[in-house]
Amino acid sequence: IALAYHKPDEKTLQALKDIANKLRIHSIKETCASNSGHPTSCCSAAELMSVLFFHTMRYKADDPRNPSNDRFILSKGHAAPILYAAWAEAGFIKESELLNLRKIDSDLEGHPTPKLAFVDVATGSLGQGLGASCGMAYTGKYFDKARYLRSPHYLIPFLNKVFQHSSYYNFYCNKVYNNAMQIDTAFITAWNTMKFVACLILCKKPHLTEGFTADTRIEDQVNWHGKPMPKDRAQELIKDLLSQIQSPNKPLHPHLPNEDAAPADLTPIHLLTAPEYKIGDKMSTRKAYGVALKKMGDASPRVVAMDGDTKNSTFSEIFKKAHPDRFIECFIAEQNMVSVAIGCATRDRTVSFASTFAAFFARAYDHIRMAAISQSNVNLVGSHCGVSIGEDGPSQMALEDLAMFRAIPTCTVFYPSDAVSTERAVELAANIKGICFIRTSRPDNAVIYDAGEKFEVGKAKVVRQSDKDQVTVIGAGVTLHEALAAHDQLAKEGMNIRIIDPFTIKPLDASTIVASARATGGRVITVEDHYKEGGLGEAVLSAVGEEPGIVVHRLAVSHVPQSGKPQELLDMFGISAKSIVTAVKHTFAN
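Reading the values: the criteria
Residues numbered from 1 in each chain as written. Predicted model: local features only at pLDDT ≥ 70, side-chain atom pairs only at ≥ 80, totals over all residues. Heavy atoms only, no water. Buried < 20%, exposed > 50% of the residue type's maximum accessible area, 1.4 Å probe, protein only. Helix = DSSP H or I, 4+ residues; strand = E, 2+ residues; numbered from the N terminus. Contact = heavy atoms within 4.5 Å. Polar contact = N/O pair within 3.5 Å; in protein donor to acceptor, adjacent residues only side chain to side chain. Salt bridge = Lys/Arg side-chain N within 4 Å of Asp/Glu carboxyl O.

S.K.: Explain helix H4 (residues 80-90) residue by residue, including any values.
M.R.: Each α-helix turn comprises 3.6 residues. Residues three or four places apart therefore point the same way. Burial runs high along H4: 10 of the 11 residues are buried. Listing the buried residues of H4 in full gives Ala80, Pro81, Ile82, Leu83, Tyr84, Ala85, Ala86, Trp87, Ala88 and Ala90. Each element contacted by the buried residues of H4 is listed here: helix H1 (10-34), helix H2 (39-43) and helix H3 (46-56). Residue glycine 91 follows H4 closely and has a positive phi angle near 105 degrees.

Take a look at the structure:
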């Protein structure tokens with residue numbers, strides 16, 4: 001790609017070279033002090049960090065979270081020591097603090113996390129920074145309406161779909177760092193360091209640039225990745241680097257940003273109108289999600305949505321039609337979609353919702369776990385859960401998703417059972433700190449809640465109860481409706497059961513479940529359109545595990561399913577109304 005450059009004067013260029021060597025020295029000292037880390041990865045990036053932080057980027061060194069600052073994402077998070085060194089040279093970190101790298105009482109961790117004010121997203125799982133930077137660039141260009149928030153970053157693997165996304169939205173500045181040596185294998189031929197710096201300085205237009213490795217006396221040698229320098233060799237290198245510094249006292253300061261981004265709006269977002277369904281209306285929860293998302297978009301311009309090219313199935317297309325300027329098409333690249341959503345949500349600039357088939361979040365799980373480490377407030381919505389999707393077959397059936405998201409430490413897991421509760425789940429998710437996952441279903445089911453029903457995180461609904469209940473049945477989504485059908489059939493036969501809708505699987509309303517279990521003789525049945533491992537049943541078992549006299553019988557999908565009609569599959573796997581009736585009668589008999 002043809003590029004335009006402006007060469008700085010010789011004094012400035014020498015000062016940048018000097019800072020690069022200072023960054024190398026800091027990195028070597030840091031990793032020697034911790035006796036761990038990646039000094040070679042740091043040293044090879046020194047010129048790039050010098051030019052970006054002290055010539056190209058615009059930011060306030062004493063205010064890293066200023067909304068008008070340029071953003072920097074270190075995708076190769078193992079080079080964290082040089083990032084810390086750059087902020088020390090900028091004046092935000094005390095130089096003495098660098099020697100506490102990786103210590104238990106220091107926030108200078110082995111890989112950067114948002115515990116630090118100058119880190120927006122946690123990195124370390126290589127390559128994810130590009131997707132997050134796309135989300136930030138989108139927010140800056142289309143939401144803040146500010147100048148392009150340039151997002152320099154490192155990228156080790158080449159991600160074609162991510163580039164498709166960034167190209168589609170015409171984002172400003174993506175820089176790709178291609179390393180000549182991986183952990184123990186040659187990768188590509190490196191460019192000369194200074195040639196790369198010359199190419200980088202004062203770039204005039206959007207570009208992609210390949211990178212370099214710097215001479216650290218061990219370049220192109222294997223078995224140095226992730227190892228500190230031996231102390232004798234470190235002293236030799238530091239002495240050599242010091243001898244190359246010609247202007248140690250020439251100050252270089254970052255350019256200040258244009259103050260063109262307003263402070264983040266933290267006003268809670270609420271539905272402007274209550275759900276418009278009547279009890280008995282038929283509506284799938286996946287479509288109710290699309291309706292709710294559009295209504296949230298009506299309520300606040302901060303709400304943005306992204307989808308993995310499944311918008312006609314997730315019904316996020318309803319939002320797109322109403323708010324096309326706040327809809328981001330991430331194509332069939334769910335990993336990138338999650339990272340873009342994380343980027344959009346950084347610094348509370350937007351409230352982001354990302355949707356696809358729930359099964360496809362499995363391929364983005366690494367990005368989801370990194371979202372938790374990033375302290376992200378991203379909302380993920382998975383449709384087409386369970387065998388109830390029918391004929392499409394097992395590749396499309398999410399049967400592991402509850403287990404996946406329950407394992408994420410910052411995640412709230414919603415499992416609404418009708419259109420009203422779905423709208424309220426979307427509303428609650430928009431205002432919750434941490435990751436939210438909303439599980440939606442394909443079949444049309446009856447509305448069971450009044451439009452004015454109040455929902456809360458961690459509060460279950462007892463939807464059927466009497467003084468004569470002898471078994472508590474807990475279902476969610478499709479299986480709640482099967483439980484209600486079982487209740488009606490058993491009632492005709494003179495048997496009473498209590499039905500609970502948990503609403504959130506995490507946190508689970510343990511007190512309501514325990515109270516109902518005690519009221520029904522300690523007899524509990526869970527029924528779920530999910531594998532037995534890690535789902536609703538295990539969540540309930542955890543809730544009652546220390547309670548004496550409570551027995552939980554679990555109905556769940558027992559093995560890999562197949563194509564078939566939804567009702568056939570519910571019957572096949574023993575999670576239909578007739579299976580619940582059989583299980584209840586067996587419990588009564590015992």
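S.K.: Talk me through unusual backbone geometry; I want residue IDs and the actual numbers.
M.R.: Looking along the chain, the bond that leaves lysine 506 and enters proline 507 is cis, with omega of 0 degrees. By the element assignment, proline 507 lies in the loop between strand S12 (504-506) and helix H17 (510-519). Even without being glycine, glutamine 375 reaches a positive phi, approximately 60 degrees. Within the secondary structure, glutamine 375 sits in the loop between helix H13 (365-373) and strand S5 (379-383). Positive phi, normally seen in glycine, also occurs at phenylalanine 503, with a value near 65 degrees. Locating phenylalanine 503 in the fold gives a position in the loop between strand S11 (497-501) and S12. By relative accessible area, which is 0% here, phenylalanine 503 ends up buried.

S.K.: Go over the environment of glutamate 453 with me, naming the residues and quoting the values.
M.R.: Mapped onto the secondary structure, glutamate 453 falls in the loop between strand S8 (445-446) and strand S9 (461-464). Judged by relative accessible area, glutamate 453 falls into the partly exposed class, the value being 27%. For the pair glutamate 453 and alanine 274, spaced 179 residues apart in sequence, the C-alpha separation works out to 9.4 Å. In this structure the side chain of glutamate 453 is engaged in a polar contact, spanning 2.9 Å, whose partner is the side chain of lysine 461.

S.K.: Got a sec to walk through the pattern of salt bridges? Specific residues and values, please.
M.R.: Between side chains of opposite charge, a pair can form as their charged atoms come close. As enumerated under the stated definition, the model contains 23 salt bridges in all. Of the charged contacts, one joins arginine 442 and aspartate 392 as a salt bridge, the two residues approaching to 3.3 Å between their closest N and O atoms. Taken together, the residues arginine 442 in the loop between strand S7 (435-439) and S8 and aspartate 392 in the loop between S5 and helix H14 (401-406) connect sequence positions 50 residues apart. Since its relative accessible area comes to 28%, arginine 442 is described here as partly exposed. Judged by its relative accessible area of 41%, aspartate 392 falls in the partly exposed class. Ionic pairing is found between glutamate 538 and arginine 554, a salt bridge with its closest N-O pair at 3.9 Å. A residue pair is termed long-range when its members are at least 10 positions apart, and glutamate 538 in helix H18 (residues 536-544) and arginine 554 in strand S14 (residues 551-557) qualify at 16 residues. Among the residues examined, glutamate 538 registers a relative accessible area of 30% and is labelled partly exposed.

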